[in-house]
Amino acid sequence: MILVIAEQRDGKLNRATWETVAAAQQLAGVAPDGSGGDAIAIGVLGASGSAAAGELAAAAVSQVLVAEHPTLDPYTPDAYIAACRAVIDSTAPTIVLLPHTYQTRDFAPLLATRIRSPLITDVTGITGTGGDATFTRPMFQGKLAAQVKPLGAAPAIVTMQIGAIRADAARLGGSPTTSRVSVTVDPTTIRQRPEAPFREAKQAVDLAQADRIVAVGRGIKSQENIPLAERLAKAMDAEVAASRPICDNGWLPMERQIGSSGQTVAPKLYVALGISGAIQHLVGMKGARTIVAINKDAEAPIFEVADYGIVGDLFEIAPALIAELEKG
Amino acid sequence: MKIAVCIKQVPTREWQPRLNDQKTWVREQDVSYEMNEPDAYALEEALRLREKHSGEVVVCSAGPARVQSVVREALARGADRAIHVEDDRLGAADASVVAGALAAAMRDEQFDLVLTGLQSDDQGHGQTGVILAEGLGMVSSTIIMEVQVEGGSLRVKRELEGGWFQWIGMPLPALLTIQSGINQLRYATLKGIMAAKKKEIRKVALPDGLQPSQQIVGLAVPTRSKQTRMIGGSPADAARELVRCLREDARAL
């Protein structure tokens, strides 16, 4: 049995859950037509899980389990791992798969420690099936990819990097049974008191709607050089965006940040100027149709996702590009 | 308030990896090291909290003898003393072993607050802090962008995805994993560097019986998912060719 823990809030399923279902089907050895393979269960946790469970019942899996408890909304790690344990106990899985979201990152190490299971995070690929599988995950900021095997007692807990497997690769058409798992959470064991989520910036610019984006990274070196990126963006009829360090330094406002902690974009053209391509940035932009990388380091991971690459000094390349574009 | 900051020494961003003969780890003799960036922000946050609430900042690190250089750097930036779990095997250890080693060395100190970076720039498991919290019997919260101490409890701003945040209250003692960019880093002054030489670094042996939870069976340069057209030549030539490609081939301009 392979168990997927879905992520949902207010009945709305996190899209990454479908990516995780696709990963589970690969791991289970499900055929392209949705038949065969190991059994897969999907656990849906929440104060109310029925809506998300209904959506997931379209997947080619064997069962959907709904674990509802009023203490599960809003999310706290203490209540959540109690619910996870109930779902794990009722399915006895060999592997538990989750999307590598910020919420998973908050509770999965605690869950793994409590049930004495190995945890492998940020997985981008799976080789083999079931308990013999090997997992690929980035190391050294994506400069290397490691093949990793879990050590210790089942279940192994594995978190899938967002975007590593396409959500539309998930096979549909199963007729899973849907059942309820009873969850007991002692409210006095919940140590955290979460307040309502909020958004800081008013999102004056909606980068998700931009056709073209010129994004700057550490390679721009100082705030005085930001106008160079702005001039290139103007010449390309593009919006300016940035990787996290640029916004952390206050060189560009937070709402222009692309990546896991900022916005996710898929423009027609994405020009990465002096961006090395840390995973946290790549997840926010690798869906762009055409990606251009300009970086002095030929080994920078950004070139892995680029359609066009120029290795060189951006302070020479960007002015040359502006001159070329302004020729018309 | 007694605050611990856990710091890891990691390869520099400029370092180009070379593999060992077994292709299971990197050639350590080629590596130049620096302080893990999120840990540097955790240290800065600890120093700011000490300035506001008084108390002590203790740097904790688990690694081979080489990690002394980042421990000294943290002391030079203003930490009061350090605990170093020293063992060559910690250089490539996973999060379970590192967290176990730190928990054993830190348990008797009875810290009020433990800060770590949210993940390391080398193995990047993003687990050590949370496992350590469990080992110390503390509540934890991750990816933190602001810390407020109010009496005996904490109120922290946790980063969610896509520009969302959330305030979370919790009791002390607690462990927080700190997000890069939470504050502006300070650098060591000459006075700080001189003072650091006299500060205590307590060495602790790696306890027996810590079990890794995963094994690296192979390490490689990642395979390209895309065919990348590399454009060479002078800046002017490269710019001309790129604009032509974007206009005529990709039709992106």
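Rules used in this analysis
Residues numbered from 1 in each chain as written. Chains lettered and ligands numbered in written order. Predicted model: local features only at pLDDT ≥ 70, side-chain atom pairs only at ≥ 80, totals over all residues. Helix = DSSP H or I, 4+ residues; strand = E, 2+ residues; numbered from the N terminus. Buried ≥ 20, exposed ≤ 12 C-beta atoms within 10 Å, placed from the backbone. Pairing = 2+ DSSP bridges. Contact = placed C-beta atoms within 7 Å. Axes fitted to C-alpha atoms, helices over the stretch in contact; angles between N-to-C directions. Domains from an automatic or database assignment. Parallel < 35°, antiparallel > 145°, perpendicular 65-115°, else oblique. Left-handed = near helix turned anticlockwise from the far one by under 90°. Nonpolar A, V, L, I, M, F, W, Y, C, P; charged D, E, K, R; others polar. Core = buried A, V, L, I, M, F, W, Y, C linked by C-beta atoms within 7 Å.

A.B. asks: Outline unusual backbone geometry, supporting the account with residue identities and numerical values.
C.D. replies: Residue P74(A) is bonded to the preceding D73(A) through a cis peptide linkage, with omega at 0 degrees. Counting through the fold element by element, P74(A) comes out in the loop between β5 (63-68) and α3 (77-91). In this structure, P173(B) follows L172(B) across a cis peptide bond, with omega equal to 0 degrees. Within the secondary structure, P173(B) is located in the loop between β9 (164-171) and β10 (174-178). In this structure, K23(B) is a non-glycine residue whose phi angle is positive, near 55 degrees. With respect to the helices, strands and loops of the structure, K23(B) is situated in the loop between β2 (9-11) and β3 (33-35). Its 14 C-beta neighbours within 10 Å are what place K23(B) among the partly exposed residues.

A.B. asks: How would you explain the environment of Q16(B) if you had to name every residue and give the values?
C.D. replies: Residue and element names in this part refer to chain B. When you line up the elements, Q16 lands in the loop between β2 and β3. Note on Q16: 12 C-beta atoms within 10 Å, which makes it exposed. Expressed as a C-alpha distance, the spacing of Q16 and D30, which sit 14 residues apart in the sequence, is 8.7 Å.

A.B. asks: Describe the sheet that holds strand β17 (residues 269-273) of chain A, and please don't skip the residues or the numbers.
C.D. replies: Two modes of strand pairing occur in sheets, parallel and antiparallel, and in both the strands are linked by backbone hydrogen bonds. A sheet is described by the order of its strands in space; here 6 strands give the open sequence β16(A)-β15(A)-β17(A)-β18(A)-β19(A)-β13(B), paired in parallel fashion. Of all strands in the sheet, those with a lone pairing partner are β16 (239-242) of chain A together with β13 (229-230) of chain B, marking the two edges. Where strand β15 (residues 212-216) of chain A meets β17(A), 5 bridges bridge the pair, whose relative direction is parallel. Note that in β17(A) the partner of A215(A) across the bridge is A272(A). Across the sheet, helix α6 (residues 235-249) of chain B touches β17, β18 (290-295) and β19 (308-311) of chain A, and the angle it forms with β19(A) is around 170 degrees.

A.B. asks: So, the domain arrangement of chain B: which residues are in play, and what are the values?
C.D. replies: Assigned domains of chain B: these are domain 1 (2-205) and domain 2 (228-253). Computed from C-alpha atoms alone, the centre-to-centre distance between domain 1 of chain B and domain 2 of chain B is 44 Å.

A.B. asks: Go over the packing of helix α4 (residues 102-114) of chain A against helix α4 (residues 128-135) of chain B, please, and point to the residues and values.
C.D. replies: At a closest axis distance of 8 Å, the pairing of α4(A) and α4(B) adopts a crossing angle of 45 degrees. In terms of orientation, α4(A) and α4(B) fall into the oblique class. Judged by the sense of rotation from one axis to the other, the crossing of α4(A) with α4(B) is right-handed. Residue-level contacts link P109(A), L110(A) and T113(A) of α4(A) to V130(B), I131(B) and E134(B) of α4(B). Its residues assigned to classes, the contact of α4(A) with α4(B) comprises 4 nonpolar, 1 polar and 1 charged.

A.B. asks: Help me get a handle on the pairing of β19(A), residues and values and all.
C.D. replies: In summary, the side chains of a regular strand alternate between the two faces of the sheet. Pairing of β18(A) with β19(A), which is carried by 4 bridges, proceeds in the parallel orientation. The partner of N295(A) across the bridge, within β19(A), is V311(A).

A.B. asks: Lay out the sheet that holds strand β8 (residues 125-127) of chain A in plain terms, naming residues and giving numbers.
C.D. replies: The strand order across the open sheet formed by 4 strands is β8(A)-β9(A)-β10(A)-β12(B), and the pairing between neighbours is antiparallel. Across the chains shown, the open sheet's two edge strands, defined by having one partner strand only, are β8 of chain A together with β12 (214-220) of chain B. The sheet shows a mean angle of 35 degrees between the axes of neighbouring strands, direction not considered. One ladder, built from 6 bridges, connects strand β10 (residues 144-150) of chain A with β12(B); its direction is antiparallel. Within β12(B), the residue paired with Q147(A) across the bridge is G218(B).

A.B. asks: Before we move on, could you go through the nonpolar core and cite the residues and values that matter?
C.D. replies: Soluble globular proteins tend to pack their nonpolar side chains together in the buried interior. Core analysis: the biggest nonpolar cluster contains 134 residues, and I42(A), V44(A), A83(A), V5(B) and L102(B) have the highest contact counts within it. Once you skip the residues sitting within four places of it in the chain, V5(B) turns out to touch A42(B), L43(B), A46(B), V57(B), V59(B), C60(B), A79(B) and L115(B). Counting residues in hydrophobic clusters, the runner-up holds 58 residues, among them A215(A), I220(A), L232(A) and I279(A).

A.B. asks: So what's going on with the interface of chain B and chain A? Which residues, and what values?
C.D. replies: Each partner contributes to the interface: chain B provides 63 residues, whereas chain A provides 68 residues. Put simply, the parts of the chain that give the side of chain B that touches chain A at least two residues each are α4, β7 (139-150), β9, β12, β13 and α6 of chain B. Looking at which element gives the most residues to the side of chain B that touches chain A, the answer is α6(B), with 9 residues. Its residues assigned to classes, the side of chain B that touches chain A comprises 33 nonpolar, 21 polar and 9 charged. Direction of pairing for strand β13 (residues 193-194) of chain A relative to β9(B): antiparallel, over a ladder of 2 bridges. Within the sheet, the bridge partner assigned to R193(A) lies in β9(B) and is G169(B).

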